[in-house]
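Geometric and topological summary
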Amino acid sequence: LHPLVERITAGDRRAAARAMTLIENDAPEKRALLRELYAFGGRAHIVGFTGSPGAGKSTLVDQVIAYLRGQGQRVGVLAVDPSSPFSGGALLGDRIRMTRHSADPGVYIRSMGTRGAVGGLAKAARDVLYVLEAYGCDVILVETVGVGQSELDVLTVADTVGLVLTPGAGDHVQTAKSGIMEIADVYVVNKADLPGADMLVREIELMLRDKSSFREDWRPPIVRTVAAQGAGTDELWSAVTNHLAHLKHGGWRAHRRRKRHREETMAVLLSMFRRHVEWLADEYPDWQDILEGAAGEDPQTGAEALWDRLGLARRPGGDP
Ligand SMILES: Nc1nc2c(ncn2[C@@H]2O[C@H](COP(=O)(O)OP(=O)(O)OP(=O)(O)O)[C@@H](O)[C@H]2O)c(=O)[nH]1
Ligand SMILES: [Mg+2]
């Protein structure tokens, strides 16, 4: 085992931090680390929380941490912060309201900026999660704000997605950003102490009457919370664990894992392919000429010529 991986699995926090930084920075050791860390993937229940800015995601995550610690579970947190550059690592100020847990050895909180993430935020998050899984986290909570496609893409790493909505301003079901309502496995109506919570619950219920929108045969439950007072956390967590049981029972978790594996492998393969072609173009001027259309040929013809030069097979019918 890589010495760093060995230390991570022994519960060494500094080793975990170091590995995450190496991974985020795309360091030369990254590949060797990920190769070994892969074996730990799938051990933790990964739960994403998303929603509008200020919906109470961090407050909620903080309550869930306390709840899970009460059960003796080891908890990891990945807070995705769009306002920060990609490599940060350290706790990002007061956007994260979980600092009361930062001295607890059973809690590992990591934040990840999004500015400048290469190869996609979801991939970067997935890679960091391997470290938290190797560290022995039973549950990993991922907080990401529900604006921007790449922030939402991060949720593909989650087994269960909680969409945090609040009564009143902006969060009406009808006006919600398209795509965001559909990703929820659990609807969390937070700030249920404020007026309008009943109305919001009714709106969601109405929307859920259209059963055709259920993903993976799961009817998303609606849970009310007052995160600021710690109310509703146990109901929230039982909804979340019910969802995981459903995924496992129905074979959905294995199905998703295969699908994600396929996507990740494809992404790696395509980027290898791209790098290889770029290398050839650097190495051989005639590749460069074809790429730039020096002889006046169209891009399709040029690409097919390069395809043939790579010695790649054509499909029956003649298409590459
Ligand atoms: N009234 C009320 N306020 C709450 C509740 N939960 C959180 N808040 C308050 O809402 C504000 C935003 O909470 P955060 O937890 O930072 O929200 P967030 O969704 O993490 O915000 P960003 O990370 O900035 O997107 C804070 O002032 C909280 O105290 C609640 O249940 N009721
Ligand atoms: Mg927050």
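Residues numbered from 1 in each chain as written. Chains lettered and ligands numbered in written order. Predicted model: local features only at pLDDT ≥ 70, side-chain atom pairs only at ≥ 80, totals over all residues. Heavy atoms only, no water.

Within a regular strand, the side chains alternate between the two sheet faces. Side chains of strand S6 (residues 186-189) alternate between two faces, with Val186 and Val188 and Tyr187 and Val189 buried alike. Pairing geometry for strand S5 (residues 160-165) and S6, over 4 bridges, is parallel. By the bridge assignment, Val164 is partnered in S6 with Val188. Where S6 meets strand S7 (residues 222-224), 3 bridges bridge the pair, whose relative direction is parallel. Across the sheet, residue Val188 finds its bridge partner in S7, namely Val223. (Buried < 20%, exposed > 50% of the residue type's maximum accessible area, 1.4 Å probe, protein only. Helix = DSSP H or I, 4+ residues; strand = E, 2+ residues; numbered from the N terminus. Pairing = 2+ DSSP bridges.)

Counting all residues, the mean pLDDT for the chain is 88, and 89% of those residues have values of 70 or more. Between residues 86-95, whose pLDDT stays under 50, and residues either more than four places distant or in other chains, the model counts 27 contacts. (pLDDT = per-residue confidence, 0-100. Contact = heavy atoms within 4.5 Å.)

Here the focus is the pattern of salt bridges. If you walk through the whole model with that rule in mind, you get 15 salt bridges. Between Asp127 and Lys30 there is a salt bridge, and its shortest N-O distance comes to 4.0 Å. Placement of Asp127 in helix H5 (residues 121-134) and of Lys30 in helix H3 (residues 30-37) is noted, with a sequence separation of 97 residues between them. Accessibility classification places Asp127 together with Lys30 in one group, the buried group. The salt bridge partner of Asp185 is Arg215, with a shortest N-O separation of 2.9 Å. (Salt bridge = Lys/Arg side-chain N within 4 Å of Asp/Glu carboxyl O.)

Here we take up a nonpolar patch on the surface. Together, Met266, Val268, Leu269 and Met272 line one region of the surface with nonpolar side chains, adding up to about 340 Å² of accessible area. With a relative accessible area of 39%, Met266 lands in the partly exposed category. (Patch = residues over 30% accessible without salt bridge, like charges linked within 9 Å, V, L, I, M, F, W, Y side chains within 5 Å. Areas by Shrake-Rupley, 256 points an atom, 1.4 Å probe, with all protein chains shown as cover.)

Attention now moves to the packing of H3 against H5. At their nearest, the axes of H3 and H5 sit 10 Å apart, and the two run at 60° to each other. Considering the angle they form, H3 stands oblique to H5. Both H3 and H5 take part in a crossing whose hand is left-handed. Judged by residue contacts, Lys30, Leu34 and Leu37 of H3 engage Lys123, Asp127, Tyr130, Val131 and Ala134 from H5. Split into classes, the residues belonging to the contact of H3 with H5 amount to 5 nonpolar, no polar and 3 charged. (Axes fitted to C-alpha atoms, helices over the stretch in contact; angles between N-to-C directions. Parallel < 35°, antiparallel > 145°, perpendicular 65-115°, else oblique. Left-handed = near helix turned anticlockwise from the far one by under 90°. Nonpolar A, V, L, I, M, F, W, Y, C, P; charged D, E, K, R; others polar.)

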